[in-house]
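# Working through the structure, step by step
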Amino acid sequence: MPGLTGVVGPEAGALLERMEARLYPVEGQGARRGAGPGFAFALRGTGGLRERAGVCLAFEGHVLGRPFGDEAVADALLDAFLERGERFLEGWDGSFQVFVRTPEATYLFMDPTASRRWFFRSGPWGIAFSPEVAPLRTLAPSPVDGANLAQFLVGGRFFAGHTLLAEVLQLLPGEHLVHRDGRVERRRTGSDTVRQDSGLFDVKATLTRLETALERAILQRWTQARAPALLLTGGWDSRFLFHTVARHVEDTSRLCTVTWGHDLRREGSDARVAHDIAKRFGTRHVELKRSVGQVPETFAAMFQAQSGMTELAFGHADELTLCQRLAERHGVGSLFRGDECFGPTGWNATTVGGVLARLSLPFTQDVAGHERWLVGGGEEAWAAREEQVRQRVAAAPQGLEALRDTLYFRERVPAFLHHLNYFKAHRLEVFNPLMDREVLALSRALPAAWRTDKRLFKDCYRRRFAKHLDIPFAESSNGVDWGRMLRRSPRVVAFLRSGLEALPSPLVPEVFVEQLDGLLRGAPAGAMPGGYRVAPEQLVMRAFVLGQWLRDSPTSEMANRSKNSRARAAPASEVNAKHA
């Protein structure tokens, strides 16, 4: 995918060549390369390379206020770095990643919202970075991180900034990396915490400020985008984006709107509401039906493109093909979408455990049936996961609403929602105007009562676009009912079953096959302790994706321990009976 791939170390050139061979292939996507003493990198996408005063800088992406593809951006960035050092990106916004090599150190800089994906790892050979995981796996074996394996089964994603491999990490919003004298340090600029006190609050003035910031963020990106389309649903975010753009163009029939889903005509669904809005404005509306029955053919490509970072590598495997179709058949170059950046909707926090559960970060003791999923019970992995959860709670501000919204921004947005954008970037540039730095800062500064359920944002919509409120908001999504779909799709079931039966350690294949069989029979969930239950369709998908990770991974210390545990464990039938 677009981004910077490279190595800093004695054998940088040879290692880079090995890494590039594992990047997801995109036809016609070339690369520009840079190299110097002890480093080599390749740039795919939009950006530039500059070298001056002993400093080499590579930039990929785009910045606000500059034309897309502006070659002068790299010069401006290098000037800023030479003048201000590590703080040179203060005041810059957009979607970008920056590599800087000086005689003393190497720096990797992520944009304020991490809208482009960047992984890294370090070792005796140096430090390496890539927008995909697969190239980094070629450098050396890496142990499996038990805490993140357990978290993936529970939440369908890893902890933010982590992968299944203990040595392969991901840069987070506003972070930058410093590699000096063989040591790696992660640093962060800016605050990501939310307002904790109610205090004095001028609703009218804040509403005006938010409206102004939203309009600027949307239109500034719209004027930059190449062949843009709006991903339109029946929800608040995408409707706000659409109406803002529609209000500022002379002919809305020249706008392109896009909707995809499983049942495109279901009353009250996202797709049906999007159809009604597009019809009112006369847009060129593209409707794409999801082909989830093609998962056996599309999963491998999606896993590679998405780097297997969420369960959606399976559940949304067909969307990679949809993005290719948009680019090749419909001439779409950029896709605008909302990103749920205003926090969780539809609920108020009442307990710490309730907050964590709604964010897919429950305490381990609350997860029903978890002791059956890993060989020997997986005590080490579950204990490590519990420690990670409690560390995140301890690092967040006190107060249930502050905990809820801070963890939403720190965990769910970068570890789950962003990955809905990243895989699209193989074919389309993705714009998320609601993730604008100023918009996010305003949202975080709201009192909890105005953050909850997008209250102030919804007031912005009602005030600006009241005449379109006669079109109702969607009552259901375009998502797939996987339980129902699997019962009707023998091919997908056979594909899923074959992967579950071949699950490597430390996963217990029999348990996940049992879950699949129960799902197909429509059997009700059995009584188990724990208030947090992973739906069987989600659990089997997550195990399937982890199986792909583990089969692609060198044997790890954790897998070796699990094999030893398996050899000592009771037969599968006895294990099932014991934990039934």
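Owing to the predicted nature of the structure, the values given are computational and were not obtained by experimental measurement. (Residues numbered from 1 in each chain as written. Predicted model: local features only at pLDDT ≥ 70, side-chain atom pairs only at ≥ 80, totals over all residues. Heavy atoms only, no water.)

### Some thoughts on the sheet that holds strand β3 (residues 39-44)
Spatial ordering of the open sheet is given by β2-β3-β1-β9-β8-β10, a layout of six strands whose pairing is antiparallel. Looking at which strands have only one partner, the edges of the open sheet turn out to be β2 (32-36) and β10 (169-170). The pairing of strand β8 (residues 119-123) with β10 spans two bridges and is antiparallel. Among the inter-strand pairings, F119 is bridged to a residue of β10, identified as Q170. (Pairing = 2+ DSSP bridges. Helix = DSSP H or I, 4+ residues; strand = E, 2+ residues; numbered from the N terminus.)

### Focus: unusual backbone geometry
Across the junction of S505 and P506, the peptide omega takes the value 10°, indicating a cis bond. Among the structural elements, P506 can be located in the loop between α19 (490-501) and α20 (509-521). Even without glycine at this site, D181 takes up a positive phi of about 55°. Checked against the element boundaries, D181 lands in the loop between β11 (175-180) and β12 (183-188). For A227, which is not glycine, the phi dihedral falls at a positive 45°. With respect to the helices and strands, A227 occurs in the loop between α5 (203-224) and β13 (228-231). A relative accessible area of 41% places A227 in the partly exposed class. (Buried < 20%, exposed > 50% of the residue type's maximum accessible area, 1.4 Å probe, protein only.)

### Here we look at α19
Between its first and last C-alpha atoms α19 spans 16 Å; for 12 residues at 1.5 Å apiece the expected length is 16 Å, and the two agree. Three or more residues of α19 are buried, namely V492, V493, L496, G499 and L500. Projection of α19 onto a plane perpendicular to its axis shows the buried side chains occupying an angular sector of 130°, all on one side. α19 presents P490 and E501 as exposed residues on the side facing more than 90 degrees away from its buried surface. Buried positions along α19 lie against α8 (295-306), α9 (312-315), α18 (482-487), α20 and α21 (536-552). (Expected span 1.5 Å × (residues − 1). Arc of directions from axis to C-beta. Contact = heavy atoms within 4.5 Å.)

### Digging into the pattern of salt bridges
According to the stated counting rule, one finds 37 salt bridges in the structure shown. Across the pair R187 and E86 runs a salt bridge, and its minimum N-O distance is 2.5 Å. Residue R187 is found in strand β12, and its partner E86 is found in the loop between α2 (72-84) and β6 (94-101); the two are separated by 101 residues along the sequence. With a closest N to O distance of 2.5 Å, E90 and R87 form a salt bridge. The class of E90 is partly exposed, set by a relative accessible area of 32%. Within the structure, one salt-bridge network assembled from shared partners comprises D93, R216, R221, D436 and E438. (Salt bridge = Lys/Arg side-chain N within 4 Å of Asp/Glu carboxyl O.)

### Digging into the pairing of β13
It is a general feature of regular strands that their side chains alternate between the two faces of the sheet. Two strands pair when backbone bridges link them, and β13 and strand β16 (residues 334-336) are joined in this way by three bridges, in the parallel orientation. In the strand pairing of β16, P228 is matched with S334. Across two bridges, β13 lies against strand β14 (residues 256-261) in parallel orientation. Considered in β14, the bridge of L230 is made with T257. Once the chain exits β13 it traverses helix α6 (residues 236-247) before rejoining the sheet at β14, and the crossover so formed is right-handed. (Right-handed = clockwise from strand over helix to strand, strands pointing away.)

### With respect to the packing of aromatic side chains
Tallied over the full model, the rule gives 34 aromatic pairs. Pairing W118 with F129 gives two aromatic rings, centres 5.7 Å apart and planes at 75°, and the pair type is edge-to-face. With W118 in the loop between β7 (106-110) and β8 and F129 in strand β9 (residues 126-130), this pair connects stretches of sequence that are 11 residues apart. The class for W118 is buried, based on a relative accessible area of 0%. Note on F129: relative accessible area 0%, which makes it buried. Grouped by ring-pair contacts, the aromatic residues F152, F158, F299, F303, F314, W482, F495, F544 and W549 constitute a single cluster. Between the NZ or CZ atom of R239 and the centre of the ring of F473, over which it lies, the distance is 4.0 Å. (Phe/Tyr/Trp six-rings, centres within 6.5 Å; stacked < 30°, edge-to-face > 60°. Lys NZ or Arg CZ within 6 Å of the ring centre and 35° of its normal.)

### Section: the environment of D270
Along the chain, D270 turns up in helix α7 (residues 270-281). With 206 residues separating them in the primary sequence, D270 and S476 have C-alpha atoms 6.3 Å apart. Not counting chain neighbours up to four residues away, the residues in contact with D270 comprise T233, G234, G235, A474, S476, S477 and N478. At 3.0 Å, the side chain of D270 forms a polar contact with the backbone nitrogen of G234. (Polar contact = N/O pair within 3.5 Å; in protein donor to acceptor, adjacent residues only side chain to side chain.)

### So, the sheet that holds β11
Ordered by their spatial adjacency, six strands build an open sheet running β4-β5-β6-β7-β11-β12, and the pairing between neighbours is antiparallel. Each having just a single partner strand, β4 (47-52) and β12 make up the two edges of the open sheet. Looking at each pair of strands side by side, their axes are set apart by 15° on average, direction ignored. With five bridges joining them, β6 and β7 adopt antiparallel strand pairing. Bridge assignment links V100 to a residue of β7, and that residue is Y107. α2 rests against β4, β5 (55-63), β6 and β7 of the sheet, and its axis sits at about 45° to β4. (Axes fitted to C-alpha atoms, helices over the stretch in contact; angles between N-to-C directions.)

### As for the packing of helix α4 (residues 146-155) against helix α12 (residues 379-395)
For the pair α4 and α12, interaxial distance at closest approach is 7 Å and the crossing angle is 80°. On the basis of the axis angle, α4 is roughly perpendicular to α12. Facing G146, A147, A150, Q151 and V154 of α4, the residues of α12 in contact are A381, W382, A384, R385 and Q388. In terms of residue class, the contact of α4 with α12 is built from six nonpolar, three polar and one charged. (Parallel < 35°, antiparallel > 145°, perpendicular 65-115°, else oblique. Nonpolar A, V, L, I, M, F, W, Y, C, P; charged D, E, K, R; others polar.)

### Some thoughts on the nonpolar core
When a protein is soluble and globular, its nonpolar side chains tend to lie buried together. One finds L153, F314, W373, W482 and L500 to be the most contacted residues of the largest nonpolar core, which totals 82 residues. Ranked by size, the runner-up nonpolar core spans 61 residues in total, among them A213, L214, A246 and V389. (Core = buried A, V, L, I, M, F, W, Y, C linked by side-chain atoms within 4.5 Å.)

### Quick word on the state of the cysteines
Using the criterion set out here, one finds zero disulfides in the structure. Not engaged in a disulfide, the cysteine C323 finds its nearest cysteine sulfur in C256; these two sulfurs lie 13 Å apart. The class of C323 is buried, set by a relative accessible area of 0%. (Disulfide = S-S within 2.5 Å.)

### Description of α2
Its 13 residues place the ends of α2 18 Å apart at the C-alpha level, agreeing with the 18 Å of an ideal helix rising 1.5 Å per residue. For α2, every residue scored as buried is listed here: V73, A74, A76, L77, L78, A80 and F81. G85 sits one or two positions beyond α2 and adopts a positive phi of about 70°.

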